[in-house]
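Geometric and topological summary
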Amino acid sequence: MTNLLSIITFLPLVAAIILALFLRGDDPAARRNARWLALIASLATFLVSLLLLAGFDPSNPDFQFVEDRDWLLGLRYKMGVDGISILFVMLTTFLMPIVIGACWNVETRVKEYMIAFLALESLMLGVFCALDLVLFYLFFEAGLIPMFLIIGIWGGVNRIYAAFKFFLYTFFGSILMLVAMIAMYADAGTTDMAVLLTHNFGSETFSLLGIQVVGGLQTMLWLAFFASFAVKMPMWPVHTWLPDAHVQAPTAGSVVLAAILLKMGGYGFLRFSLPMFPVASDLLAPLVFWLSVIAIIYASLVALAQSDMKKLIAYSSVAHMGYVTMGIFTANQQGVDGAIFQMISHGFISGALFLCVGVVYDRIHTREIDAYGGLVNRMPAYALIFLFFTMANVGLPGTSGFIGEFLTLVGIYQVSTVIAVLATTGVILSAAYALWLYRRVVFGDLIKESLRTITDMSGREKVLFAPLVVMTLLLGVYPPLVTDIIGPSVEELVDGYQLALDEAAPEQVATAEMAAGPAETAPEIDEDAGAEPETAADDGSAEAEAEPEAPVANEQGD
């Protein structure tokens, strides 16, 4: 089907426009109609995305369902998906009906609330489908607006502070990404991401303000993109906006934030950093590994000290995203497969955990852990669901959480044993804070008066959790559902990365030998042959001026 990606991307936005233009009033009937229209639109988007998945060829690593046409001021409207991006499209369309269902109890400005989520869905889908730099940037940045409004209008007591912190952190990083995109266009002469994947950005060392920039242009571009994607993930130490945003956001906003929005950072690393700047990625991978390990250990320890359920789960997300960034920059099949699998799995598990918090918050209106205890006596169904996703978050074998962490650790073990051992401690710490939370909330005696009349999960709430349970179990026992789709695309990504490094290394060695070799042998040639040494010396000195650093000299010293 032609234009299938455009239909999937803009169908929620069309529904949002219909809501804005034709739905009037704020009476119960109008609120009910707004909820049902948003739910139908999100379900329709998911059903259409199933056609996309059915027509996708997993054995083909290239972009499929490509749409390419003239757009605005010479820019191109280009959309397409490969084995990596299609899963993020499916994750988004799968979760949004659940998110809309979680909004059912909202009574304040319901129409605007639904419009914000429908617009956000379109913008998130656009990020995963865009194959043009300008189009990608527009979708990436525009997604800040509805999320800013969701937190700032329907959030908690400190919602304004949290909304502005979220906006400023992510917007500042994106400004640097925009500068990098302009530099990429100046160097490559195109904004076509498919072409940029094969373009060789310069990696020759140069001096900037007296500082030797190893990796050249690639390093500068990599750092600019890193500033944006690291905040979006978020990575330590630019993670501080996330706990505040989660605590203040409404339940549905927290689900979208944890399950989908955070994945844009990881997707950006896979789409830009690794394939377009391989030399810089190789040079700076140790930095990413150590930041990831710090995030895993630090965030897990901080989670143990939390008194707010949402904040604890938010720090858990920071720790789990550490496995993702670590796996991506291993640049091997297991590591990248594990990182993608972890992002998909985390979308189901973290979304479900925030929904679990929302279930009890709707009844007691507090997220303080000390306010609960003994819920198993009044809410057995809730206790079972909460236990299942707590175990999945820990990485229990048989759940999707285990597969992602295991593959990632296998990938990092091939690169660094020390990093792998340190990262594995995160598995132990996650069990500590997750089980500590569960024990305090669910087990014990029911002694608090406010909990004596609390009711168990409703039918609507059980329906919302059912697909999340199914997917968490299904991916845990049959991971090929994901790995078979991403495998060829990841293999091409890893092979292209290694090929780029192999091609870059000989050029740098050859340049160094031309600079240092003749200069070392010049006196010997001068003794045996008349005028030749002078020419050789001239050539050597000219090369030495162009390349002041001579790695060959270091080799001889070694």
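Throughout this description, residue numbers start from 1 for each chain and increase along the sequence as written. A pLDDT threshold of at least 70 governs which residues receive local features in this predicted model, and a stricter bar of 80 or more applies before side-chain atom pairs are shown or counted, although totals over entire chains, interfaces and linings include all residues. Side-chain descriptors were evaluated using all non-hydrogen atoms of the structure, hydrogens and water having been removed beforehand.

For a regular strand, the rule is simple: side chains alternate between the two faces of the sheet. Strands are labelled as partners when DSSP assigns at least two bridges between them. Strands are runs of DSSP state E lasting at least two residues, helices are runs of H or I lasting at least four, and both sets are numbered from the N terminus onward. As paired elements, strand S1 (residues 64-70) and strand S2 (residues 76-81) share five bridges and run antiparallel to each other. Bridged to Arg-69 within S2 is Tyr-77. Counting the residues that bridge the hairpin from S1 to S2 gives five residues, and of these Leu-73 lies at a positive phi of roughly 55°.

Let us look at the packing of helix H4 (residues 110-129) against helix H11 (residues 251-261). Axis angles are defined between N-to-C directions and span 0 to 180 degrees, where every axis is a line fitted to C-alpha atoms and, for a helix, only to the segment in contact. Packing of H4 against H11 brings their axes to within 12 Å, and their N-to-C directions diverge by 0°. As the angle between them shows, H4 and H11 are arranged roughly parallel. For the pair formed by H4 and H11, the contact residues are Tyr-113, Phe-117, Leu-120, Met-124 and Phe-128 on the first element and Ala-252, Gly-253, Val-256, Ile-260 and Leu-261 on the second. Gly falls in the polar group here, along with every residue not listed as nonpolar (Ala, Val, Leu, Ile, Met, Phe, Trp, Tyr, Cys, Pro) or charged (Asp, Glu, Lys, Arg). In terms of residue class, the contact of H4 with H11 is made up of nine nonpolar, one polar and no charged. Note that the term roughly parallel is reserved for angles under 35 degrees, roughly antiparallel for angles over 145, roughly perpendicular for angles of 65 to 115, and oblique for everything else. In this analysis, two residues are considered to be in contact whenever any of their non-hydrogen atoms come within 4.5 Å of each other.

The definition of a nonpolar core used throughout is a set of buried Ala, Val, Leu, Ile, Met, Phe, Trp, Tyr and Cys residues joined through side-chain atoms within 4.5 Å. Partly exposed describes any residue whose relative accessible area lies between the buried limit of under 20% and the exposed limit of over 50%, with all areas from a 1.4 Å probe on protein chains only and scaled to the type maximum. Core analysis: the largest hydrophobic core is formed by 189 residues, its most contacted members being Phe-117 and Phe-136. Not counting chain neighbours up to four residues away, the residues in contact with Phe-117 comprise Met-96, Val-99, Ile-100, Cys-103, Ile-150, Ala-252, Gly-253 and Val-256.

Within the secondary structure, His-246 sits in helix H10 (residues 241-248). Residue contacts for His-246: discarding those within four places in its chain leaves Ser-254, Leu-257, Ala-258, Lys-310, Ala-314 and Phe-354.

The subject of this paragraph is helix H12 (residues 263-276). The span one expects for a helix is its residue count, reduced by one, times 1.5 Å. Counted at 1.5 Å a residue, the expected span for H12 with its 14 residues is 20 Å, and the 19 Å between its end C-alpha atoms agrees. Note on bend: the value at a residue is the angle between axes fitted to the seven residues ending there and to the seven starting there. Phe-269 marks the point of greatest bend in H12, at about 35°. Among the 14 residues of H12, 14 are classified as buried, and the element is accordingly described as predominantly covered.

For the rest of this paragraph, the subject is the packing of helix H15 (residues 333-364) against helix H17 (residues 400-413). The description of two packed helices rests on the angle between their axes and on the distance between the axes. Close contact between H15 and H17 brings their axes to 7 Å; oriented N to C, the two are set at 155°. In terms of axis orientation, H15 runs roughly antiparallel to H17. Seen from above, H15 lies across H17 with left-handed handedness. Where H15 approaches H17, its residues Gln-334, Gly-335, Asp-337, Gly-338, Ala-339, Phe-341, Gln-342, Ser-345 and Ile-349 are matched on the opposing element by Ser-400, Gly-401, Ile-403, Gly-404, Glu-405, Leu-407, Thr-408, Val-410 and Gly-411. Among the residues making up the contact of H15 with H17, the classes are represented as six nonpolar, ten polar and two charged. Note on convention: the crossing is left-handed when the near helix lies turned anticlockwise from the far helix by less than a right angle, right-handed when the turn is clockwise.

Okay, unusual backbone geometry next. Comment: phi is negative for the bulk of residues other than glycine, and the bulk of peptide bonds are trans. Here the bond from Met-233 into Pro-234 is cis, since omega is 0°, no more than 30 degrees from zero. Along the chain, the position of Pro-234 falls in the loop between helix H9 (216-232) and H10. With an omega of 10°, the peptide bond running from Trp-236 to Pro-237 counts as cis. Its location among the elements puts Pro-237 in the loop between H9 and H10. Its identity is not glycine, yet Ala-331 carries a phi of approximately 55°, on the positive side.

Only rings of Phe, Tyr and Trp enter the pairing, Trp through its six-membered ring, and a pair is recorded when the two centres are within 6.5 Å. The plane angle decides the type: under 30 degrees is stacked, over 60 is edge-to-face, the rest tilted. Applying the stated rule across the entire model yields 32 aromatic pairs. Considering the side-chain rings of Phe-46 and Phe-94, the 5.8 Å spacing of their centres and the 70° angle between planes classify their relative orientation as edge-to-face. Of this pair, Phe-46 sits in helix H2 (residues 28-55) while Phe-94 sits in helix H3 (residues 85-102), and the two are 48 residues apart along the sequence. Here Phe-94 falls in the buried class, since its relative accessible area comes to 15%. Measuring from ring centre to ring centre gives 5.7 Å for Phe-229 and Phe-269, while their planes differ by 80°; the resulting arrangement is edge-to-face. Taken as a pair, Phe-229 in helix H9 and Phe-269 in helix H12 lie far apart in primary sequence, 40 residues in all. Three or more aromatic residues joined by ring pairs make a cluster, and in this case those are Phe-136, Phe-140, Phe-201, Trp-222, Phe-225, Phe-226, Phe-229, Phe-269, Phe-272, Phe-277 and Phe-329. Above the face of the Phe-140 ring, Lys-232 is positioned so that its terminal group lies 4.8 Å from the ring centre. Note on criteria: charge over ring means Lys NZ or Arg CZ within 6 Å of the ring centre, with the direction from the centre no more than 35 degrees off the ring normal.

Turning to H4, a few remarks are in order. Taking 1.5 Å as the rise per residue, H4 with 20 residues should run 28 Å; its terminal C-alpha atoms sit 29 Å apart, in good agreement. With 19 of 20 residues buried, H4 is to be regarded as a mostly interior element.

So, about the environment of Leu-52. Mapped onto the fold, Leu-52 is located in helix H2. C-alpha separation for the pair Leu-52 and Val-89, spaced 37 residues apart in sequence, amounts to 9.6 Å. When residues no more than four places from it in sequence are discounted, the contact partners of Leu-52 are Leu-4, Leu-5, Ile-8, Phe-65, Val-81, Ile-86 and Val-89.

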